[in-house]
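An overview of the molecular structure
Next come the chains, spelled out residue by residue.
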Amino acid sequence: MAATTELISALLLFLLICSSDISTGEKTRRPEPCKRLVLYFHDILYNGKNAQNATSAIVASPAWGDKTTLAAPNRFGDVVVFDDPVTLDNNFRSAPVGRAQGVLLGAINFAGADDIMKNTRDLSVVGGTGDFFMTRGLATLTTDAFEDDRYFRLRVDVKLYECY
Amino acid sequence: MAATTELISALLLFLLICSSDISTGEKTRRPEPCKRLVLYFHDILYNGKNAQNATSAIVASPAWGDKTTLAAPNRFGDVVVFDDPVTLDNNFRSAPVGRAQGVLLGAINFAGADDIMKNTRDLSVVGGTGDFFMTRGLATLTTDAFEDDRYFRLRVDVKLYECY
Amino acid sequence: MAATTELISALLLFLLICSSDISTGEKTRRPEPCKRLVLYFHDILYNGKNAQNATSAIVASPAWGDKTTLAAPNRFGDVVVFDDPVTLDNNFRSAPVGRAQGVLLGAINFAGADDIMKNTRDLSVVGGTGDFFMTRGLATLTTDAFEDDRYFRLRVDVKLYECY
């Protein structure tokens, strides 16, 4: 299990550094992935009172924001650092197989009503270490749960197209 | 037009995450790009009074800075989140074909007088989604206009050398 | 020397953007690097009193942190922008061959006692410009010195596996 944890950590670090975009529906023909895995990230945002179980914290915000509430509108300008447990199913109480560590950036200001629960977003996987040495591919993110800006869960479907 | 917008967004997200460096003049022989496009980004920085038309905001700054003025000297330590309209020519009033969303980082402290209007900077394009699935290449940036730290325009010449 | 400086800068910008992970000991068989170089980064953190020789500054921190002291525990949530001199040996007074410019992110919250002086960490090199056009590979980081949260020195062993 320790080995699995290490390897998954190694991968996840590289998933989360880029802002997301709306998935364009895979219209182009694509090769088959050489590796695929589905993971769930569980995030509890620090709100000033939950230091004992928070897994992320706002560390920067625009002039009109603060560090215990997400900025309005659209969370534009918020920078959130996270260290989230990762599980293989969507149960928060399942044994974690790794941790997702990185930063989220609110960079959408002028979007219309983005339905966070419906849309998927594709991110590029641009590198990796350990068992994921030099891999490249895509991660498709779905917001699997979103409770009141306090807890959210992401389903992350990792498809690697270059493996060593 | 909507499709173009989506695709260009998909690409731009990956251009802007890295700090820039001074272009070394393309002295090495290079392959021909498999795809090329020239884009203009238009940025208006939030200054405390222009919330209605600002497209970017300072969200973090060093101890000697603040969130409505760029830090001196050299903007070192400023973190700026942006959601800029992108056009195909250098006219601010042209119809946008997409949005550039990401973060700019002031990380040059000890440079001499960098002539921002003369120098170009190369950035790596390390991935993409949609029509830009798995692409890699370079983006050469030129500051096309820079007005008093309030408005600036970037010319972005994207040259992709790996296409799927 | 100027040319060397430029080229090394070009490379370093891309090393430092990702959080690090614990090296998994290179157990997989790997190809030989097509390029390799060992560099030392020297970092002096701004503490409110050392503006004249600091090379980095805290620009964002969680609600419980500030901009002149690293956050406890584990520096979680600190965002540090740096512009560090780079040398070819571990002597702070050697002539710099370039500068490392980027951002460090404290994203480990729940780790046990991480022995920063013993562990190495692998980072992905995901791109480059100039002589490092389109390169990919790994950088293995060792903390070579760590003095009281004020000065630290990193040994960076860059191994490139894709060269153009």
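Rules used throughout
Residues numbered from 1 in each chain as written. Chains lettered and ligands numbered in written order. Predicted model: local features only at pLDDT ≥ 70, side-chain atom pairs only at ≥ 80, totals over all residues. Heavy atoms only, no water. Helix = DSSP H or I, 4+ residues; strand = E, 2+ residues; numbered from the N terminus. Buried < 20%, exposed > 50% of the residue type's maximum accessible area, 1.4 Å probe, protein only. Contact = heavy atoms within 4.5 Å. Pairing = 2+ DSSP bridges. Disulfide = S-S within 2.5 Å. Salt bridge = Lys/Arg side-chain N within 4 Å of Asp/Glu carboxyl O. Phe/Tyr/Trp six-rings, centres within 6.5 Å; stacked < 30°, edge-to-face > 60°. Core = buried A, V, L, I, M, F, W, Y, C linked by side-chain atoms within 4.5 Å. Polar contact = N/O pair within 3.5 Å; in protein donor to acceptor, adjacent residues only side chain to side chain. pLDDT = per-residue confidence, 0-100.

**So, the overall build of chain A**
- For chain A, the count of helices and strands is 1 helix and 8 strands.
- Tracing chain A from N to C terminus, the helices and strands come up as α-β-β-β-β-β-β-β-β.
- Sorting the 164 residues of chain A into buried and exposed places 56% on the buried side.
- In chain A, of all internal contacts separated by at least 6 residues, the share reaching a separation of at least 24 is 58%.

**Re the pairing of strand S7 (residues 136-147) of chain C**
Residues and elements named next belong to chain C.
- The sheet contact formed by strand S6 (residues 120-125) and S7 spans 6 bridges and is antiparallel. Pairing of Thr 120 across the sheet is with Thr 142, part of S7.
- The pairing of S7 with strand S8 (residues 151-162) spans 11 bridges and is antiparallel. Bridge pairing in S8 links Ala 139 to Val 158.
- Hairpin connection from S7 to S8: 3 residues lie between these consecutive antiparallel strands, with Asp 148 at a positive phi of about 60 degrees.

**A look at the state of the cysteines**
Residue and element names in this part refer to chain B.
- Using the criterion set out here, one finds 3 disulfides over all chains in the structure.
- Linked covalently through their sulfurs, Cys 34 and Cys 163 form a disulfide whose S-S length is 2.0 Å. Across the S-S bond of Cys 34 and Cys 163 the torsion is about 85 degrees, and the bridge reads as right-handed. Separated by 129 residues along the polypeptide, Cys 34 in the loop between strand S1 (21-22) and strand S2 (35-44) and Cys 163 in the segment after strand S8 (151-162) bring together distant segments of the chain.

**Looking at unusual backbone geometry**
- The amide bond that connects B:Ala72 to the next residue, B:Pro73, takes the cis arrangement and shows omega of -5 degrees.
- The residue B:Pro73 is located in the loop between strand S3 (56-60) and strand S4 (79-87) in this model.
- Non-glycine residue B:Asn74 carries a positive phi angle of around 65 degrees.
- By the secondary structure assignment, B:Asn74 is in the loop between S3 and S4.
- Its identity as a non-glycine residue notwithstanding, C:Met134 has a phi of 65 degrees, on the positive side.
- For C:Met134, the location among the structural elements is in the loop between S6 and S7.

**Here's the deal with the pattern of salt bridges**
- Inspection of every chain in the model, using the stated rule, returns 12 salt bridges over all chains.
- One salt bridge in this structure joins A:Asp144 and A:Arg153, with 2.7 Å as the shortest N-O distance.
- In this structure A:Asp144 comes out as partly exposed when scored by relative accessible area, which is 25%.
- Looking at A:Arg153, the relative accessible area reads 14%, which means it is buried.
- Its salt-bridge partner being C:Asp83, residue C:Arg99 comes within 2.6 Å of it at the nearest N-O pair. With C:Arg99 in strand S5 (residues 98-105) and C:Asp83 in strand S4 (residues 79-87), this pair connects stretches of sequence that are 16 residues apart.
- The exposure class of C:Arg99 is partly exposed, given its relative accessible area of 24%.

**As for the packing of aromatic side chains**
- According to the stated counting rule, one finds 15 aromatic pairs over all chains in the structure shown.
- Their ring planes at 85 degrees and their centres at 5.7 Å tell us that A:Phe92 and A:Tyr151 sit as a pair that is edge-to-face. Highlighted residues: A:Phe92 in the loop between strand S4 (79-87) and strand S5 (98-105) and A:Tyr151 in strand S8 (residues 151-162), separated in sequence by 59 residues.
- Arranged with centres 5.4 Å apart and planes meeting at 75 degrees, the rings of C:Phe133 and C:Tyr164 form a pair that is edge-to-face. In this pair, C:Phe133 sits in the loop between S6 and S7 while C:Tyr164 sits in the segment after S8, placing the two residues 31 residues apart along the sequence.
- For C:Phe133, a relative accessible area of 5% translates into the label buried.
- Put simply, the rings of A:Phe133, A:Tyr164 and C:Tyr161 pair up and form one aromatic cluster.

**What to know about the environment of A:Ala72**
All names here are of chain A.
- For Ala 72, the location among the structural elements is in the loop between strand S3 (56-60) and S4.
- Residue classification places Ala 72 among the exposed residues on the basis of a relative accessible area of 55%.
- Residues Ala 72 and Leu 160, 88 residues apart in the sequence, show an inter-C-alpha distance of 35 Å.

**Some remarks on the nonpolar core**
- Counting residues in hydrophobic clusters, the biggest one holds 27 residues, and the most contacted among them are A:Val59, A:Ala60, B:Val59, B:Ala60, C:Val59 and C:Ala60.
- Broken down by secondary-structure element, the contributors of at least two residues to this core are S3 and S4 of chain A, S3 and S4 of chain B together with strand S3 (56-60) and S4 of chain C.

**So, the environment of B:Lys118**
- Tracing the backbone shows B:Lys118 in the loop between strand S5 (98-105) and strand S6 (120-125).
- With a relative accessible area of 67%, B:Lys118 lands in the exposed category.

**Comments concerning the side chain of C:Ser124**
- Locating C:Ser124 in the fold gives a position in strand S6.
- Given the relative accessible area of 3%, C:Ser124 is considered buried.
- There is a polar contact of 3.0 Å between the side chain of C:Ser124 and the backbone nitrogen of A:Gly128.

**Describing the confidence of the model for chain A**
Residue and element names in this part refer to chain A.
- Averaged over chain A, the pLDDT score is 83; the fraction of residues at 70 or greater is 78%.
- For chain A, per-element mean pLDDT is lowest for strand S1 (residues 21-22), which scores 40, and highest for S3, which scores 97.
- Under a pLDDT of 50 for its full length, residues 1-26 has, in the predicted model, 72 contacts with residues more than four places off or in other chains.
- Reported confidence for the predicted complex is 0.83 by ipTM and 0.86 by pTM.

**Regarding the side chain of B:Gln101**
- By the secondary structure assignment, B:Gln101 is in strand S5.
- Within the structure, B:Gln101 has its side chain in polar contact with the side chain of B:Asp83 (distance 3.3 Å).

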